[in-house]
Amino acid sequence: MSIASAPPPKSVPAAIGRRTTAALRLTNLRKTFGDLTAVADVSLEVAPGEIFGLLGPNGAGKSTTMMIACGVLPADAGTVELDGEPFSPQRRDLRRKLGVVPQELAIYPELTARQNLRFFGKLYGLRGADLDARIADALDRTGLTNRADDRAEHYSGGMKRRLNFGCALLHRPTVLILDEPTVGVDPQSRTHLLTSVKDVAAEGTAVIYASHYMEEVEEICDRVAVVDAGRVLARGTIPDLLAPLESVLRLHVRPPDSDRDGERLLPAAFAPLFDRDLQADGIVVFALPRSRLSGGGAGGAQTLSGVLAPVLEQIRDAGGQLEAVHTDEPNLERLFLELTGHTLRD
Ligand SMILES: Nc1ncnc2c1ncn2[C@@H]1O[C@H](COP(=O)(O)OP(=O)(O)OP(=O)(O)O)[C@@H](O)[C@H]1O
């Protein structure tokens, strides 16, 4: 894992050098639109069979990165390598190794699912029995076999997204680029899509998956790059990224009028373990990071129950009222907040 503070390293990330054959390798990509820097410096690599998440809020530069990766947009600087070869839009042979599911639907509404798949299959040079077999496989994977001969315009949003996905993997790409493929889909289609993505990766396809849905990225991605303002802020496996974060227990206490700052609510022996924060609504929040429990020193380890029992007793005896107990567990949203100072949904 690497958590970089700005400015990020210009050099190629260490993880890249370790892999011999990345299916997709982006190195120091940069893209500006007039005065706006959409992608400041993005480097990453995706191995065969890996699902790599690009996690960032709206406007972070995910789509621009994806569009450069698939040759739709030229980069101002940086390189794209596909299967070990330098990639440019002119390399039609290499383009066939890519499957792309753009954020906007790229299917023909007036055609049926089968006709859409046939159209895209032919674009990729598939013909005859092979094309028929792959269409049947794509319909099966996307759960659209029963509706194969209905026009796509009559499908639900989720079914259209599934068809969009099916069209991108018909030619069995080496690298599958997915740009927020679950936007606006119902939970059933979402689950179906995520399972299909995992299946495709298990067959050896390298998948790069852009999303601002933390839960999806946590669910399916092997590694993640956290991006904001066109930069990679952190990159690694999810356990490695979350390791520096710890779970924090928070006690929300309404203090008595005689002790509005809550200074006397905790027993003196345990008060140093807690951070105290007085909220605008008068509630005092006592935060206990778990790591502070393990260092019991000569007096022995302090367990959660060993600390909480006397603390809660003192709060009650001192006239405080326990209003709520929360636990903040490490997750990508918290990591993002710590790295950027704002949330993924800002
Ligand atoms: N063709 C363009 N012309 C001008 N600005 C653009 C263009 N494409 C993207 N941008 C800007 O570049 C920045 C990054 O956009 P991008 O679409 O790559 O972000 P994103 O992370 O994919 O966000 P979203 O999830 O909303 O798609 C944004 O500020 C966006 O407005």
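Residues numbered from 1 in each chain as written. Predicted model: local features only at pLDDT ≥ 70, side-chain atom pairs only at ≥ 80, totals over all residues. Heavy atoms only, no water.

Digging into the overall build of the protein
What counts is decided by this rule: For helices the rule is a DSSP run of H or I covering at least 4 residues; for strands it is a run of E covering at least 2, with both sets numbered from the N terminus onward. Radius of gyration: C-alpha atoms only; globule rule: 2.2 Å multiplied by the number of residues to the exponent 0.38. Partly exposed describes any residue whose relative accessible area lies between the buried limit of under 20% and the exposed limit of over 50%, with all areas from a 1.4 Å probe on protein chains only and scaled to the type maximum. Contacts: residue pairs with any heavy atoms within 4.5 Å of one another. To be clear on the numbers: accessible area is Shrake-Rupley with a 1.4 Å probe, and residue cover counts the displayed protein chains and nothing else. The charge count includes Lys and Arg as positive and Asp and Glu as negative, but it does not include His or the ends of the chains. Lys charges are placed at NZ, Arg charges at CZ, Asp charges at CG and Glu charges at CD.
A count of helical and extended segments in the protein gives twelve helices and 15 strands. For 346 residues, the compact-globule estimate of 2.2 N^0.38 gives 20 Å, and the protein exceeds it by more than 25% at 25 Å. Dimensions of the protein, computed from C-alpha atoms along their principal axes, come out at roughly 80 × 45 × 40 Å. Burial status across the protein gives 47% buried among its 346 residues. Here the contacts in the protein between residues at least 6 apart in sequence split such that 69% fall between residues at least 24 apart. Roughly 16200 Å² of accessible area belongs to the protein as shown, and the carbon and sulfur atoms make up 51% of that amount. Averaging the positions of the 39 positive and the 46 negative side-chain charges in the protein gives two centres separated by 7 Å.

Re the confidence of the model for the protein
The predicted coordinates of low-pLDDT regions are not to be read in fine detail. Selection criterion: Confidence scores per residue from the predictor, reported as pLDDT, run from 0 to 100.
When pLDDT is averaged across the protein, the result is 88; 92% of the residues are at 70 or more. No element of the protein has a lower mean pLDDT than strand 1 (residues 2–3), which averages 42, and none a higher one than strand 2 (residues 24–33), which averages 96. Confidence drops under pLDDT 50 across residues 1–19; counting only partners more than four residues distant or on other chains, this segment forms 37 contacts. Scored below 50 in pLDDT, residues 296–300 shows two contacts in the model against residues more than four places distant or in partner chains.

What about the packing of aromatic side chains?
Applicable threshold: Between the rings of Phe, Tyr and Trp (Trp by its six-membered ring), a pair exists once the centres lie within 6.5 Å; its type follows the angle of the planes, with under 30 degrees stacked, over 60 edge-to-face, and the other angles tilted.
In this structure the tally under the stated criterion is four aromatic pairs. Centroid distance Phe 119 to Phe 120: 5.3 Å. Interplanar angle 85°. Geometry classified as edge-to-face. Taking relative accessible area as the criterion, Phe 119 reaches 35% and is therefore assigned partly exposed. Here the aromatic rings of Phe 274 and Phe 286 are separated by 6.4 Å at their centres, their planes lie at 90°, and the arrangement is edge-to-face. Note that Phe 274 is positioned in the loop between strand 12 (248–254) and strand 13 (275–278) and Phe 286 in strand 14 (residues 284–289), a separation of twelve residues in sequence.

Examining the sheet that holds strand 15 (residues 321–328)
Counted only if it meets this: Two strands form a pair only when DSSP identifies at least two bridges running between them. Structural elements are reduced to axes, namely lines fitted to C-alpha atoms, with helices fitted over the stretch in contact, and the angle between N-to-C directions of any two is expressed from 0 to 180 degrees.
Reading across from one edge, 13-14-12-15 is the order of the four strands in this open sheet, with antiparallel pairing throughout. Both outer strands of the open sheet, strand 13 and strand 15, are each paired with one neighbouring strand and no more. Neighbour-to-neighbour, the strand axes of the sheet open up by a mean angle of 20°, direction not taken into account. In terms of strand pairing, strand 12 meets strand 14 through six bridges, oriented antiparallel. Directly across from Val 253, in strand 14, lies its bridge partner Val 284.

A closer look at the site of the ligand
Where we set the bar: Residues are counted as near a molecule or strand when any one of their heavy atoms sits within 4 Å of it. Polar contact is defined as a pair of N or O atoms within 3.5 Å, subject to the rule that within protein one atom must be able to donate a hydrogen and the other to accept it, and that residues adjacent in sequence are counted only when both atoms are side-chain atoms. As a working rule, the residues Ala, Val, Leu, Ile, Met, Phe, Trp, Tyr, Cys and Pro are called nonpolar, Asp, Glu, Lys and Arg charged, and the rest polar, with Gly in that last group.
In the neighbourhood of the ligand, 13 residues make up the surrounding shell, with Gly 59, Gly 61, Lys 62, Ser 63 and Thr 64 lying closest. Residue Gly 59 places a main-chain N or O atom 2.7 Å away from an oxygen atom belonging to the ligand. In this structure, Thr 64 approaches the ligand through a side-chain N or O atom, which is 2.5 Å from an oxygen atom. In the complex, 62% of the free accessible area of the ligand, which totals 630 Å², lies under the protein chains. Those elements giving two or more residues to the shell around the ligand turn out to be strand 3 (36–46) and helix 2 (62–69). Among the residues making up the shell around the ligand, the classes are represented as five nonpolar, six polar and two charged.

Remarks on the side chain of Thr 64
Looking at where Thr 64 falls in the secondary structure, it is placed in helix 2. When residues no more than four places from it in sequence are discounted, the contact partners of Thr 64 are Lys 31, Phe 33, Ala 38, Val 39 and Leu 73.

Quick look at the environment of Ala 318
Here Ala 318 is to be found in the loop between helix 11 (304–317) and strand 15. As a C-alpha pair, Ala 318 and Leu 266 span 52 residues in sequence and 8.5 Å in three-dimensional space. When near neighbours in sequence (up to four residues on either side) are disregarded, Ala 318 contacts Pro 256, Arg 264 and Leu 265.

Remarks on the environment of Phe 336
Structurally, the position occupied by Phe 336 is in helix 12 (residues 332–340). On the basis of relative accessible area, Phe 336 is assigned to the buried category, the value being 0%. Taking the C-alpha atoms as reference points, Phe 336 and Ile 107, separated by 229 residues in sequence, lie 34 Å from one another. Leaving out residues up to four positions away in the same chain, Phe 336 has contacts with Gly 56, Pro 57, Val 226, Val 227, Asp 228, Gly 341, His 342, Thr 343 and Leu 344.

Looking at the environment of Leu 98
Take Leu 98: it is sitting in strand 7 (residues 98–101). Each C-alpha atom, one on Leu 98 and one on Asp 76, is 21 Å from the other, the two residues being 22 residues apart in sequence.

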